[in-house]
Amino acid sequence: QVQLVESGGGLVQAGGSLRLSCAASEGTFSSYVMAWFRQAPGKEREFVAAIRWSDGSAYYADLLKGRFTISRDDAKTTMYLQSDGLKPEDTAVYYCAARKRVVVITTAPSTYDYWGQGTQVTVSS
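Since the structure is predicted, the reported quantities are computational estimates derived from the model, not experimental observations.

**What about the state of the cysteines?**
And then number 1: Across all of its chains, the model carries 1 disulfide by this definition.
And then number 2: One disulfide in the model links C22 with C96; its S-S distance is 2.1 Å. Here the S-S torsion is close to 60 degrees, and the disulfide linking C22 with C96 is therefore right-handed. Of this pair, C22 sits in strand β3 (residues 18-24) while C96 sits in strand β9 (residues 92-99), placing them 74 residues apart in sequence.

**Some remarks on the layout of surface pockets**
And then number 1: In this structure, the largest pocket encloses a volume near 250 Å³.
And then number 2: The class makeup of the residues in the lining of the largest pocket is 5 nonpolar, 2 polar and 9 charged.

**Describing the pattern of salt bridges**
Two side chains of opposite charge can pair, provided their charged atoms sit close to one another.
And then number 1: Within the structure shown, the criterion is met by 5 salt bridges.
And then number 2: The residue E46 makes a salt bridge to R38 at a minimum N-O spacing of 2.7 Å.
And then number 3: The exposure class of R38 is buried, given its relative accessible area of 8%.
And then number 4: With its nearest N and O atoms 2.8 Å apart, the salt bridge here joins D90 to R67. Taken as a pair, D90 in the loop between β8 (78-83) and β9 and R67 in the loop between β6 (58-60) and β7 (68-73) lie far apart in primary sequence, 23 residues in all.
And then number 5: Take R67: its relative accessible area is 16%, and that puts it in the buried class.
And then number 6: Counted as one network, the salt bridges with shared partners bring together R38, E46, R67 and D90.

About the criteria used
Residues numbered from 1 in each chain as written. Predicted model: local features only at pLDDT ≥ 70, side-chain atom pairs only at ≥ 80, totals over all residues. Heavy atoms only, no water. Disulfide = S-S within 2.5 Å. Helix = DSSP H or I, 4+ residues; strand = E, 2+ residues; numbered from the N terminus. 1 Å grid on protein atoms, 1.4 Å probe; cavity = no way out; pocket = protein on both sides within 12 Å on 5 of 7 lines; lining within 4 Å. Points joined across faces, edges and corners; volume = space filled by probe spheres on them. Nonpolar A, V, L, I, M, F, W, Y, C, P; charged D, E, K, R; others polar. Salt bridge = Lys/Arg side-chain N within 4 Å of Asp/Glu carboxyl O. Buried < 20%, exposed > 50% of the residue type's maximum accessible area, 1.4 Å probe, protein only.

Written out as structure tokens, the structure is:
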């Protein structure tokens, strides 16, 4: 059973930056796709970005491209989301997710097998 633990959320002013981390319990993710999603109150869970662990290929939601950067550290089995130029509408709980033994990057939450507990990001205006 893979366990994912997010950290790095908090309160930040508009225009600020945060780096979220997702630490994974399993030793290797070479055959996984991992992703970040977010969910604001009263809204559906939304895809943010995903990364293919084996080669680092990344894919972003169109509206977030340019402000968010996904990366991973294989030695630490940790994924990151660097968020810059944050806006109040970025306020949400951010979740990391893992899709096992695949190479195709998907954006639908239902296609992911493991989830973290989430970390709150609040952007004040």
